[in-house]
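Each chain is listed here by its residues.
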Number of protein chains: 2
Amino acid sequence: MNVEAYMNKLGQSAREASRLVAKSESGVKNKALLAMATALDNSRDALIAANEKDLENGRQNGLDAAMLDRLGLGHATIDGMIEGLRQVVALPDPVGSITDMNYRPSGIQVGKMRVPLGVIGIIYESRPNVTVEAASLCLKSGNATILRGGSEAIHSNQAVAECIRVGLKEAGLPAEAVQVVETTDREAVGQLITMPEFVDVIVPRGGKGLIERISRDAKVPVIKHLDGICHVYIDDQADRAKAVNIAINAKTHRYGTCNTMETLLIHVGVAKEVLGDLVDRYFAAGVELRGCEQTRALVPRVNEATESDWSTEYLAPVLSIKIVADIDEAMKHINLYGSHHTDAIVTENYTLSRRFLREVDSSSVVINASTRFADGFEYGLGAEIGISTDKIHARGPVGLEGLTSQKYVVLGDGHIRQ
Amino acid sequence: MNVEAYMNKLGQSAREASRLVAKSESGVKNKALLAMATALDNSRDALIAANEKDLENGRQNGLDAAMLDRLGLGHATIDGMIEGLRQVVALPDPVGSITDMNYRPSGIQVGKMRVPLGVIGIIYESRPNVTVEAASLCLKSGNATILRGGSEAIHSNQAVAECIRVGLKEAGLPAEAVQVVETTDREAVGQLITMPEFVDVIVPRGGKGLIERISRDAKVPVIKHLDGICHVYIDDQADRAKAVNIAINAKTHRYGTCNTMETLLIHVGVAKEVLGDLVDRYFAAGVELRGCEQTRALVPRVNEATESDWSTEYLAPVLSIKIVADIDEAMKHINLYGSHHTDAIVTENYTLSRRFLREVDSSSVVINASTRFADGFEYGLGAEIGISTDKIHARGPVGLEGLTSQKYVVLGDGHIRQ
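Bear in mind the structure is a predicted one, so any value in this text is a computation, not a measurement.

K.L.:
Which parts of the structure should I look at to understand the interface of chain B and chain A?
P.N.:
By a frequent convention, interface size equals the accessible area lost on bringing the separate parts together. Opposite the 71 residues of chain B that make contact, chain A presents 71 residues. When the two sides are added together, the surface that chain B and chain A hide from each other amounts to roughly 5900 Å², 53% of it contributed by carbon and sulfur. It is Arg358(B), Tyr408(B) and Arg417(B) in chain B that bury the most area against chain A; as a group they hold 15% of the surface buried on that side. In this assembly, chain B and chain A are joined by 14 salt bridges. Between Asp200(A) and Lys391(B) there is a salt bridge, with the nearest N and O atoms lying 3.8 Å from each other.

Next comes the structure, spelled out in structure tokens:
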């Protein structure tokens, strides 16, 4: 069977399975998720053996240490997958929830019912635990899933898929509710993102290159995460201790995450003191600093920032620093150079914090807290499929609700339109 | 200036204006809307004269009577536009509304703030009153708009645009908050739908051909309305009087609307009686009936329905009729041949109505009421920019809320991530 025919078959069977998953009761979905956890626990040897094949191939193909690290699947990763499944079981089922049901002047009642999107295609790289994470969130939200992992993880993903199938079967759900693409042919991705008749939305998880390519070529909606160029703006009315703690945490808590601060903006009125507090701590942590001219005039040890620094997501121990005249310059900088992901102000001023909240056009706008809080767990979504930098459908961390939509329900008693 | 440069300029200035509109207070936006109404009222002669030019050109270019009728802009249309503006003024402003603000275990507070999408591109045909309708909804929801009407209405649209500009100016809002494309060059549409840096979403309003073309070529999200192939299923436990009233109303109340029933499904157990009640009334109203074999066996006067009838949106006094074995066959037919727009069941059975509500995958699911209720006014949205047949972002009638998104707001007191 050629790739096109194979993907079409996958799509069609996913579409059919999606109708059964959509009407499944929460208890049945939870039973499947728990059975998957048991299957993973019972298959540790098989999982690790399959992963060893991928690692061996990876070593032969010259994958670097970081890639091999992400690809690895040991007991700790399996424990994490099992724990993740239990957490998803514990989350409330969003499907079928009816809100805003009100009588209208005509006498009909109108409300909204939360419903699954249908079939979700997930495209991801390396980490095999994404297979379980994505499958569990999609299943709990009543969707069928087609998962396409990286070719370097194909054996691991197939072994995980087998556990997922066991779980689905045990709960009486169709095996086609979660399907892992079995071919490593790259054409499979091209097919997956151009079958609007079978796939309702694509969620790509991976590097910016992958996501841009998919967004460009997709013929179905994409819930995507691009850059995380996050800012902290320290106002002249900031509490200095809070400002310093937040600026250190937002940069140094983790370097490779999308909600890490990449540019620090400081009000000119407090720049000298704040930089005095911060620079040594950043250097001690091994952070390279790149500053605007004013910054370098105050602290000559700081490297020069070029125009491109303001729009760079370092994902590394590098920080650009800019001194601004006021909140207006800060917000203008954020809205121009930022990626509309997560941006914070530190200030004790009520009016400025209120303005920042309204006028900064980012998926998360933060007052007096670290940008690092921007994720599904911290926000109480329980788990997330990703953080959307889109404005349409879902902005910011996307949990179960983001994998659903709402339809209108209308109740009458023989009502006709006059 | 070539079209590309012209559209880029429009886009860039819309993007800048969108930031000012986004933070405008409701009172300012309402002042602009009321001033537009006054300007329209004061410009009746100019509007009618401009429209006369379009009508004259239309007659010379051989537009048919229906097109000319839709293009016409007389005192009644102007009254309607003024009334529409007043209705939008009366609607609550969705922008800035914060919901679900809760303390998290970490001590931060997390909530969601409703925010404008940014810049909305509207592409429409003929009817000049859409210019005011779309502009007012986009403005009230805090968005900037670029409007591209049909070339056949260019003089009318420019005259309306002048009134919109007067209104914006009077309220101190930038003229670029609502811009009407001044060129009739078709390339302008191609540009408008491929500028993701300046345009956040496209709303096409017009025929299916236009919408399909735009969806195919757009590089920005499209909130679209495709077919309205709506069904009424009359169950064997339906109240006969309700069933007949609803079936007549859903078809004959208006023929050209998207929420008009196109296919009637009848349970085999009541088909004979129900058809006996309905057929003469449909014929009396001038409706052509096309039935399945079973239908024709009961009522030979009914024409033969072919496979293509089940997926045709007639928008005309034509109705296809199919007799089904039970609710399962009915729902299967609806989910397969329907357009996921609006579908109704008539039944007194509690369990079947509950199943229909959950299992029918349409933007509006209706029990014991006419499909004709599916619109923004009847649902209490106040006004609508269209009815979405998409699943992502907005499903069903799209009002002010559908023209917005939600960002996360996070309040802390110096909180850092542990």
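K.L.:
Is there a simple way to think about helix H13 (residues 327-337) of chain B in this case?
P.N.:
Residues spaced three or four apart along an α-helix point in a common direction, a consequence of the helix completing one turn every 3.6 residues. Three or more residues of H13(B) are buried, namely Ile327(B), Ala330(B), Met331(B), His333(B), Ile334(B) and Asn335(B). Check the buried side of H13(B) and you find it contacts helix H1 (3-22) of chain A together with strand E7 (230-234), strand E8 (261-267), strand E11 (318-324), strand E12 (342-346) and helix H14 (350-359) of chain B.

K.L.:
How should helix H9 (residues 208-217) of chain A be read in this particular structure?
P.N.:
Residues and elements named next belong to chain A. If you check which residues of H9 are buried, you get Leu210, Ile211 and Ile214. Buried positions in H9, seen along its axis, are confined to an arc of 95 degrees and lie on one side of it. Among the structural elements, strand E3 (119-124) and strand E6 (201-205) are those in contact with the buried residues of H9.

K.L.:
I tried to follow empty space enclosed by the protein on my own but got confused; where do I start?
P.N.:
To find leftover empty space, a probe the size of one water molecule is rolled over the atoms. All names here are of chain B. Per the counting criterion, the structure on display carries one cavity of 30 Å³ or more. Considered as a void within the structure, the largest cavity measures approximately 40 Å³ in volume. The wall of the largest cavity is formed by Arg148, Gly149, Gly150, Ser151, Ile154, Asn157, Val180, Val181, Thr183 and Thr184. Tallied by class, residues from the lining of the largest cavity come to three nonpolar, six polar and one charged.

K.L.:
What is the right way to read the pattern of salt bridges from this model?
P.N.:
Pairing between side chains becomes possible if they bear opposite charge and their charged atoms approach one another. Applying the stated criterion across every chain yields a total of 60 salt bridges over all chains. Arg240(A) is paired through a salt bridge with Asp277(A); the nearest N and O atoms lie 2.8 Å apart. In this pair, Arg240(A) sits in helix H10 (residues 240-252) while Asp277(A) sits in helix H11 (residues 271-284), placing the two residues 37 residues apart along the sequence. In this structure, the salt-bridge partner of Asp390(B) is Lys224(B), at a minimum N-O distance of 2.9 Å. With Asp390(B) in the loop between strand E14 (386-388) and strand E15 (396-398) and Lys224(B) in the loop between helix H9 (208-217) and E7, this residue pair connects regions lying 166 residues apart in the sequence. Grouping residues by exposure puts Asp390(B) and Lys224(B) together as buried. Residues joined by salt bridges that share partners form a network here, namely Arg15(A), Arg19(A), Asp200(A), Asp361(B), Lys391(B) and Arg395(B).

Criteria and thresholds
- Residues numbered from 1 in each chain as written.
- Chains lettered and ligands numbered in written order.
- Predicted model: local features only at pLDDT ≥ 70, side-chain atom pairs only at ≥ 80, totals over all residues.
- Heavy atoms only, no water.
- Contact = heavy atoms within 4.5 Å.
- Buried area = accessible area lost by both parts, 1.4 Å probe.
- Salt bridge = Lys/Arg side-chain N within 4 Å of Asp/Glu carboxyl O.
- Buried < 20%, exposed > 50% of the residue type's maximum accessible area, 1.4 Å probe, protein only.
- Helix = DSSP H or I, 4+ residues; strand = E, 2+ residues; numbered from the N terminus.
- Arc of directions from axis to C-beta.
- 1 Å grid on protein atoms, 1.4 Å probe; cavity = no way out; pocket = protein on both sides within 12 Å on 5 of 7 lines; lining within 4 Å.
- Points joined across faces, edges and corners; volume = space filled by probe spheres on them.
- Nonpolar A, V, L, I, M, F, W, Y, C, P; charged D, E, K, R; others polar.

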